[in-house]
Amino acid sequence: MSEGNTWTDRNLALEMVRVTEAAALAASQLMGRGDEKAADQAAVNAMREVLNSLPMAGTVVIGEGERDEAPMLYIGEKVGSGGPEVDIALDPLEGTTITARGDANALAVIALAEKGGFLFAPDVYMDKIAVGGGLPDGIVDLDAEPAENLKELAQAKKMKVADLAVCILDRPRHQDLIDKVRSAGARIVLIRDGDVSAVMATSRADTTLDIYMGQGGAPEGVLAAAALRCIGGQIQGRLLFKNDEQIARAKTMGIEDPDKKYGLHDLAGGNVMFAATGVTDGAMLKGVRRYSGGAATHSLVMRSKTGTVRVIETQHNFDRKTWYGVYV
């Protein structure tokens, strides 16, 4: 993924869509079936199979757990058939509960970076705040009060605070944050799951979200940062540790300062590629459409180097085991 290897970069980015398509197709078979683990496992198995066919030497640095939790795609797992060395952040099924319920915004997600490009984030919570592109640097700050962030964002967007839409995960731990946002006068969109797609939505003009706030998974924070590197936006995050054992483990992963506030490039630096495929319908992508003999998928693939965003609709013919893509 060097600066002089544009052709390889471009083709590897497009190959990544095959990875997320496979995971989304597999997970979609279990949509609404009430079995989170089975849906996740199906996505993992499909993603691993396609990853191992790609011309790269990849290392999973953001995955689904430790090696002893295999057959998940574990942190440190080597994938690919050989080629450029890359680090991989992935979530075969971002929104396992969403998929099991048949709710909106489930995705299959993957990001690639040059070696060392991603924060080697332990599987803990991360406090996050994110906004879309085209705004002054530092317009919001993780350490500022919600009312102050909303005031600054409204001024920058030439809007009233009352017109801003704040996305927050619907969790009991966020009640204080929700109360503060309501007191500031902003509107709130509560989501059950899927904070990667929610962060991405803040950068899309065709969605209604202006800012994301709250605590979610640290791996999802890295994936969201990878997406924002490509489509534009700002994110800050801070790891949240429950005990000294988690802090000690984080130090073995290279986290020296447990209280550090990470910016966009701290979370996802260098040359980054990102791909996602919808599993269920959402604000960003349509879900898998299954029909007799095949299915249709809706994906996007992005590169930080060029800022290119490709939206891909693919029809998969299960009988012939072939497919074709329509590039929008």
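Structural data are supplied above this passage.
Residues numbered from 1 in each chain as written. Predicted model: local features only at pLDDT ≥ 70, side-chain atom pairs only at ≥ 80, totals over all residues. Heavy atoms only, no water.

**Student:** Explain the overall build of the protein chain to me, please; I cannot follow it from the model alone.
**Tutor:** For the protein chain, the helix and strand inventory stands at nine helices and 14 strands. Relative to its length of 328 residues, the protein chain is compact, with a C-alpha radius of gyration of 19 Å against a globular reference of 20 Å. Each principal axis of the C-alpha atoms in the protein chain carries an extent, and together these give about 55 × 45 × 40 Å. In the protein chain, the proportion of contacts linking residues at least 24 apart, taken out of those at least 6 apart, comes to 68%. By element, 47% of the accessible surface of the protein chain is carried by carbon and sulfur atoms, the whole surface being about 14,100 Å². (Helix = DSSP H or I, 4+ residues; strand = E, 2+ residues; numbered from the N terminus. Rg over C-alpha atoms; globule rule 2.2 N^0.38 Å. Contact = heavy atoms within 4.5 Å. Areas by Shrake-Rupley, 256 points an atom, 1.4 Å probe, with all protein chains shown as cover.)

**Student:** I keep staring at the side chain of T99 and nothing clicks. Help me out?
**Tutor:** Tracing the sequence through the fold places T99 in helix α3 (residues 96-101). Every residue in contact with T99, bar those within four places of it in the chain, is listed here: A27, L30, M31, G32, A39, L93, A106 and V279.

**Student:** Would you mind showing me how to read the packing of aromatic side chains here?
**Tutor:** Aromatic ring pairs: the centre-centre distance and the angle between the two ring planes describe each pair. Within this structure, the stated rule accounts for zero aromatic pairs. For the cation-ring pair, R173 lies above Y125, with the distance from its terminal atom to the ring centre recorded as 4.3 Å. (Phe/Tyr/Trp six-rings, centres within 6.5 Å; stacked < 30°, edge-to-face > 60°. Lys NZ or Arg CZ within 6 Å of the ring centre and 35° of its normal.)

**Student:** What should I look at first to understand the pairing of strand β4 (residues 107-114) in this one?
**Tutor:** Side-chain direction in a regular strand flips from residue to residue, so the side chains alternate between the two faces of the sheet. Of all eight residues that make up β4, seven are buried, and the element is covered over most of its length. The pairing of strand β3 (residues 85-94) with β4 spans seven bridges and is classified as antiparallel. Bridge assignment links V86 to a residue of β4, and that residue is E114. (Buried < 20%, exposed > 50% of the residue type's maximum accessible area, 1.4 Å probe, protein only. Pairing = 2+ DSSP bridges.)

**Student:** When you look at the nonpolar core in this model, what are you seeing that I'm missing?
**Tutor:** The biggest cluster of nonpolar side chains holds 48 residues, and the ones touching the most others in it are F118, L119, I235, L239, L267 and F274. Sorting elements by how many residues they give to this core places helix α7 (residues 218-231) first, with nine residues. Here F118 is in contact with V61, D87, I88, A89, A111, L112, A113, V222, A226, L267, A268 and V272, once residues within four sequence places are set aside. Listed in part, the 42 residues of the second largest apolar core include L25, A43, I98 and I312. (Core = buried A, V, L, I, M, F, W, Y, C linked by side-chain atoms within 4.5 Å.)

**Student:** Help me out: how do you make sense of the packing of helix α4 (residues 146-156) against helix α5 (residues 175-184) in this one?
**Tutor:** Two numbers describe how α4 lies on α5: the axes approach to 9 Å, and their chain directions differ by 45 degrees. Taken together, α4 and α5 sit at an angle that is classed as oblique. When you trace α4 past α5, the crossing you get is right-handed. Contacts between α4 and α5 involve P146, A147 and L150 from the former and L177, K180, V181 and A184 from the latter. When the residues that make up the contact of α4 with α5 are grouped by side-chain class, the tally is six nonpolar, no polar and one charged. (Axes fitted to C-alpha atoms, helices over the stretch in contact; angles between N-to-C directions. Parallel < 35°, antiparallel > 145°, perpendicular 65-115°, else oblique. Left-handed = near helix turned anticlockwise from the far one by under 90°. Nonpolar A, V, L, I, M, F, W, Y, C, P; charged D, E, K, R; others polar.)

**Student:** What is the right way to look at the pairing of strand β7 (residues 187-191) in this model?
**Tutor:** Bridge count for strand β6 (residues 165-169) against β7 is five bridges, and the pairing is parallel. Bridge assignment links V166 to a residue of β7, and that residue is I188. Chirality of the crossover, the property in question, places the unit of β6, α5 and β7 among those that are right-handed. (Right-handed = clockwise from strand over helix to strand, strands pointing away.)

**Student:** How do you make sense of the pattern of salt bridges when you look at a structure like this?
**Tutor:** A side chain of one charge can pair with a side chain of the opposite charge when the charged atoms of the two come close. Scanning the model with the defined rule gives 13 salt bridges in all. Here R289 makes a salt bridge to D281, at a shortest N to O gap of 2.6 Å. A relative accessible area of 40% means that D281 is categorised as partly exposed. Connected via shared salt-bridge partners are D141, D143, R238 and K261. (Salt bridge = Lys/Arg side-chain N within 4 Å of Asp/Glu carboxyl O.)

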